[in-house]
Amino acid sequence: AVSWPAPAATLQQGTTRPPAPTKTPTPRPSATPKPTATPVPLPASVQLPVLMYHYISVPPAKADKYRLDLSVTPEDFEAQLKYLKESGFTTVSKGKVLPEKPIVLTFDDGHRDAYTHAFPLLKKYSMKGTFFIVTDFINYKDPQYLTWEMVKEMSRAGMSIESHSRTHKDMRKRNNAFL
């Protein structure tokens, strides 16, 4: 057992008694650590803007408020990409060293216009996007959504394809068995 020294008692104002001698713990040999890559320190914080899109298309005539609110026309999307490119932004995805002005472009749900409108414009401006797809929409061949061939082509072109669930059900208040 190791005993730590008791605090020095004050004898008179401004003077102290030296601590009593104690046993010094004997160091135990430890395993020699294996060499590893030198870790790179991470910055304390990074400003990484994320722009999230749903539809890159003109909403249909009888669109509800959600479709209207979640839509960006292809012309406006192209203007945004042009601005980002001219302003020196670089699109990034996971697992990359961040450039000076990184930005993430995400596309939710896997709508067909992600392929017909967003994908060609991203290629035109040499940018990458992260596409969050709902797999059942593709599996059931819903014509409003991507096909697996489209997903594969986008992935081969450097786009990141991620899961946005299988069914797009509301996951709030769901128990673990359901999840």
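Check the entry above for the structure.
Okay, so let's go over this structure. Since the model is a prediction, treat every value here as computed from it, not as a measurement. (Residues numbered from 1 in each chain as written. Predicted model: local features only at pLDDT ≥ 70, side-chain atom pairs only at ≥ 80, totals over all residues. Heavy atoms only, no water.)

### Comments concerning helix H2 (residues 74-86)
So, step 1. Between the first and last C-alpha of H2 there are 18 Å, a value that for 13 residues agrees with the 18 Å anticipated at 1.5 Å per step.
So, step 2. Of the residues making up H2, those classed as buried are Pro 74, Phe 77, Leu 81 and Leu 84. Taken end-on, H2 shows its buried residues confined to a sector of 85°, consistent with a single buried face. Of the exposed residues in H2, those oriented more than 90 degrees away from the buried face are Glu 75, Tyr 83 and Glu 86.
So, step 3. On the buried face of H2, the contacting elements are strand S3 (50-53), strand S4 (55-56), strand S5 (71-72), strand S7 (102-109) and helix H3 (113-124).
So, step 4. Gly 88 sits one or two residues past H2 and shows a positive phi near 85°. (Helix = DSSP H or I, 4+ residues; strand = E, 2+ residues; numbered from the N terminus. Expected span 1.5 Å × (residues − 1). Buried < 20%, exposed > 50% of the residue type's maximum accessible area, 1.4 Å probe, protein only. Arc of directions from axis to C-beta. Contact = heavy atoms within 4.5 Å.)

### A few points about a nonpolar patch on the surface
So, step 1. A cluster of nonpolar side chains, namely Val 46, Leu 48, Val 50 and Leu 98, defines an oily patch on the protein surface of about 310 Å² accessible area.
So, step 2. As for its position among the elements, Val 50 is in strand S3. (Patch = residues over 30% accessible without salt bridge, like charges linked within 9 Å, V, L, I, M, F, W, Y side chains within 5 Å. Areas by Shrake-Rupley, 256 points an atom, 1.4 Å probe, with all protein chains shown as cover. Salt bridge = Lys/Arg side-chain N within 4 Å of Asp/Glu carboxyl O.)

### Quick word on the side chain of Asp 113
So, step 1. Summarising the element assignment, Asp 113 is placed in helix H3.
So, step 2. The buried charged residue Asp 113 lacks any salt bridge, with Arg 67 as its nearest oppositely charged partner at 4.5 Å.
So, step 3. A polar contact is formed between the side chain of Asp 113 and the side chain of Ser 57, at a distance of 2.7 Å.
So, step 4. Setting aside its immediate chain neighbours within four residues, Asp 113 contacts His 54, Tyr 55, Ile 56, Ser 57 and Ala 118. (Lys, Arg positive; Asp, Glu negative; His and termini not counted. Polar contact = N/O pair within 3.5 Å; in protein donor to acceptor, adjacent residues only side chain to side chain.)

### Things to note about the packing of aromatic side chains
So, step 1. Counted under the stated rule, the structure contains 6 aromatic pairs.
So, step 2. Seen in terms of ring centroids, Phe 137 and Tyr 145 are 4.3 Å apart; in terms of plane orientation they differ by 40°. Their pairing is tilted.
So, step 3. The exposure class assigned to Tyr 145 is buried, which follows from its relative accessible area of 11%.
So, step 4. Put simply, the rings of Tyr 53, Phe 77, Phe 107 and Phe 131 touch in pairs and so form one group of aromatic residues.
So, step 5. Just above the ring of Tyr 55 sits the side chain of Arg 67; from NZ or CZ to the centre is 3.8 Å.
So, step 6. Between the NZ or CZ atom of Lys 101 and the centre of the ring of Phe 89, over which it lies, the distance is 4.6 Å. (Phe/Tyr/Trp six-rings, centres within 6.5 Å; stacked < 30°, edge-to-face > 60°. Lys NZ or Arg CZ within 6 Å of the ring centre and 35° of its normal.)

### Focus: the packing of H3 against helix H5 (residues 148-156)
So, step 1. H5 packs onto H3 with a crossing angle of 10° between their chain directions and a minimal axis gap of 12 Å. Regarding the angle of H3 to H5, the classification is roughly parallel. Facing Ala 114, Tyr 115, Phe 119 and Lys 123 of H3, the residues of H5 in contact are Met 150, Glu 153 and Met 154.
So, step 2. Split by residue class, the contact of H3 with H5 holds 5 nonpolar, no polar and 2 charged. (Axes fitted to C-alpha atoms, helices over the stretch in contact; angles between N-to-C directions. Parallel < 35°, antiparallel > 145°, perpendicular 65-115°, else oblique. Nonpolar A, V, L, I, M, F, W, Y, C, P; charged D, E, K, R; others polar.)

### Considerations on unusual backbone geometry
Comment: phi is negative for the bulk of residues other than glycine, and the bulk of peptide bonds are trans.
So, step 1. Of note in this structure, Ser 126 is not a glycine but carries a positive phi near 55°.
So, step 2. Mapped onto the elements of the fold, Ser 126 is located in the loop between H3 and strand S8 (130-133).
So, step 3. Ser 126 gets classed as exposed once you look at its relative accessible area, which sits at 57%.
So, step 4. Unlike most non-glycine residues, Lys 173 shows phi in positive territory, near 60°.
So, step 5. Given the relative accessible area of 88%, Lys 173 is considered exposed.

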